Amino acid sequence: AIDPEFETNRDVAEEHEGHNVWGPVEEPETLGIHGTHVAVDFDICLADGACLEDCPVDVFEWVDTPDHPESEIKADPAHEDQCIDCMLCVDVCPVDAIDVDPG
Ligand code: SF4
Ligand code: F3S
Ligand code: ZN
């Protein structure tokens, strides 16, 4: 599962589409955690898609991640600023790849 203390345990490695990427990042095998308020561990996400289907405000967008060992697309929190903290995505992700930190 995603480390809920990632902000303490990791450093920002880069930016992607306006949100932070928490390292380590070594493409293509290691992609880090995308987002901060809505954080998706790309190294755990296996492209189930439930988060994209269920998010009421469409926070997520697919991004291509060719040659990543878990999946070749990931749910990117492209619109994390629109999150309403319903926690649905956290509940439905089968591999606990998502952390939402209200407040
Ligand atoms: Fe979307 Fe709710 Fe998850 Fe926020 S907590 S990203 S609003 S499903
Ligand atoms: Fe990935 Fe979990 Fe969404 S596996 S696509 S973050 S439901
Ligand atoms: Zn991203």
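First, a word on scope: everything that follows refers to the structure included in this document. Note that the coordinates shown come from a computational prediction; the quantities given were computed from them, not determined experimentally. (Residues numbered from 1 in each chain as written. Chains lettered and ligands numbered in written order. Predicted model: local features only at pLDDT ≥ 70, side-chain atom pairs only at ≥ 80, totals over all residues. Heavy atoms only, no water.)

### Regarding the packing of aromatic side chains
This is how it is decided: Aromatic rings from Phe, Tyr and Trp, with only the six-membered ring used for Trp, were paired whenever their centres fell within 6.5 Å, and each pair was classed as stacked if the ring planes differed by under 30 degrees, edge-to-face if by over 60, and tilted otherwise. In this text, helices come from DSSP runs of H or I with a minimum length of four residues, and strands from runs of E with a minimum of two, each type numbered from the N-terminal end. When accessible area is computed with a 1.4 Å probe and restricted to protein chains, residues below 20% of their type maximum are described as buried, those above 50% as exposed, and intermediate ones as partly exposed.
Under the criterion given, the structure shown has one aromatic pair. Note on Phe 6 and Trp 22: the rings are 5.4 Å apart at their centroids and 80° apart in plane angle, and the pair reads as edge-to-face. Taken together, the residues span a long stretch of sequence, with Phe 6 in helix 1 (residues 6-9) and Trp 22 in strand 2 (residues 19-22) at a distance of 16 residues. Both residues of the pair, Phe 6 and Trp 22, count as buried.

### Examining the pairing of strand 2
Quick note on the threshold: Two strands form a pair only when DSSP identifies at least two bridges running between them.
Taken together, the four bridges between strand 1 (residues 12-16) and strand 2 define a ladder with antiparallel strand orientation. Opposite Glu 15, over in strand 2, you have Asn 20 as the bridge partner. As paired elements, strand 2 and strand 3 (residues 33-34) share two bridges and run antiparallel to each other. Bridging across to strand 3, Trp 22 finds its partner in Ile 33.

### Description of the side chain of Thr 65
To keep it simple, the criterion reads: Within 3.5 Å is the distance limit for a polar contact, defined as a pair of N or O atoms, with the added protein rule that one can donate a hydrogen and the other accept it, and that residues adjacent in sequence qualify only through two side-chain atoms. The contact criterion used is simple: two residues touch if any of their non-hydrogen atoms lie within 4.5 Å.
For Thr 65, the position within the fold is in the loop between strand 5 (61-64) and strand 6 (73-76). Using a relative accessible area of 8% as the deciding quantity, one classes Thr 65 as buried. A distance of 3.1 Å separates a polar atom in the side chain of Thr 65 from the backbone oxygen of Ser 71. Non-local contacts of Thr 65, meaning those with residues more than four positions away in its chain, are made with Leu 31, Phe 42, Ser 71, Glu 72, Ile 73 and Lys 74.

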